[in-house]
Amino acid sequence: MAGIYLDYNATTPIDPQVADAMMPYIRHSFGNPSSGHSFGVEVRDGMDRARGEVARLLGCESGGVVFTGGGTEANNHAIKGVAASHGHRGRHVITSAIEHPAVEEVCRYLEGQGFTVTYLPVDRDGLMHPEQVEEAITSETILVTIMHANNEVGTIQPIREITEVAHRNGALMRSIGRQDTRESRRPWRRSAVHRRAQVVCSQGRWGALHS
Ligand SMILES: Cc1ncc(COP(=O)(O)O)c(C=O)c1O
């Protein structure tokens, strides 16, 4: 294909190591991982291995790693899931005004379901401040959902501090690391944030297979 590809924010080429690791499953080991026979068990073992590797990379429990087809699916799954399971406790959600449509549209959907959503503004550098969350949060707030790295300008939000505010006030915290690089995802690893928060990471952005 002619031209120079400059859209690594959207997705990256597959890392050759990842392609090599996947090839046996694409070419030969086609079983359904839910099947009890040997074809299924082989694939199931491969998925468990991959889950363990992702967990080690992030420093979380492998049981907490859920694979989805992409960021949009993960956002829908998590935000609507929290609304359904915690909606009896409160009906308020906090997010930022600069979320990707994959989050914003789910929030708009929740508003149609009777939830109140606060869209917090960012400053001139595209940054949010934990104090904004502190001011907006109420006893009705069940979820704070703030992106980590912005997909347009690359601003990295202070997720660790925002998570502390959410948890101190009894709300769940989630974030999407769809645009994170090897460097910018480090704070998650160093902190205990993701042990108690949901974090969406991207296979597409990290040079792995993308749906
Ligand atoms: C911050 C953010 N959230 C969600 C998405 C959607 O992810 P996907 O294309 O994997 O569905 C993107 C895509 O670029 C994104 O940058």
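Coordinates for the structure precede this section.
Everything numeric here is computed off the predicted structure, so don't read it as measured data.

Conventions we followed
- Residues numbered from 1 in each chain as written.
- Predicted model: local features only at pLDDT ≥ 70, side-chain atom pairs only at ≥ 80, totals over all residues.
- Helix = DSSP H or I, 4+ residues; strand = E, 2+ residues; numbered from the N terminus.
- Buried ≥ 20, exposed ≤ 12 C-beta atoms within 10 Å, placed from the backbone.
- Near = placed C-beta within 6 Å.
- Nonpolar A, V, L, I, M, F, W, Y, C, P; charged D, E, K, R; others polar.
- Pairing = 2+ DSSP bridges.
- Contact = placed C-beta atoms within 7 Å.

K.L.:
Residue-level account of the overall build of the protein chain, with values.
P.N.:
Along the protein chain, the regular secondary structure elements total eight helices and five strands. Secondary structure of the protein chain in N-to-C order comes out as α-α-α-β-α-β-α-β-α-β-α-α-β. Within the protein chain, the proportion of its 211 residues that are buried is 27%.

K.L.:
Give a detailed account of the site of the ligand, specifying residues and quantitative values.
P.N.:
Lining the immediate surroundings of the ligand are twelve residues, of which Gly 70, Gly 71, Thr 72, His 100 and Asn 151 lie closest. A class-by-class count of the residues in the shell around the ligand yields four nonpolar, seven polar and one charged.

K.L.:
Give me the lowdown on the pairing of strand S4 (residues 172-177), citing residues and values where you can.
P.N.:
Remember that side chains alternate between the two faces of the sheet whenever the strand is regular. Taken across its six residues, S4 has six buried, putting it largely inside the fold. The alternating pattern of S4 places Leu 172, Arg 174 and Ile 176 on one face and Met 173, Ser 175 and Gly 177 on the opposite face, and all of these are buried. When strand S3 (residues 141-145) meets S4, the two strands line up parallel, connected through three bridges. The partner of Leu 143 across the bridge, within S4, is Leu 172.

K.L.:
Residues and numbers for the environment of Val 82, please.
P.N.:
Residue placement: Val 82 occurs in helix H3 (residues 71-86). In contact with Val 82, other than residues within four places in its own chain, are Ile 142, Leu 143 and Leu 172.

So yeah, pure geometry; function would need other evidence.
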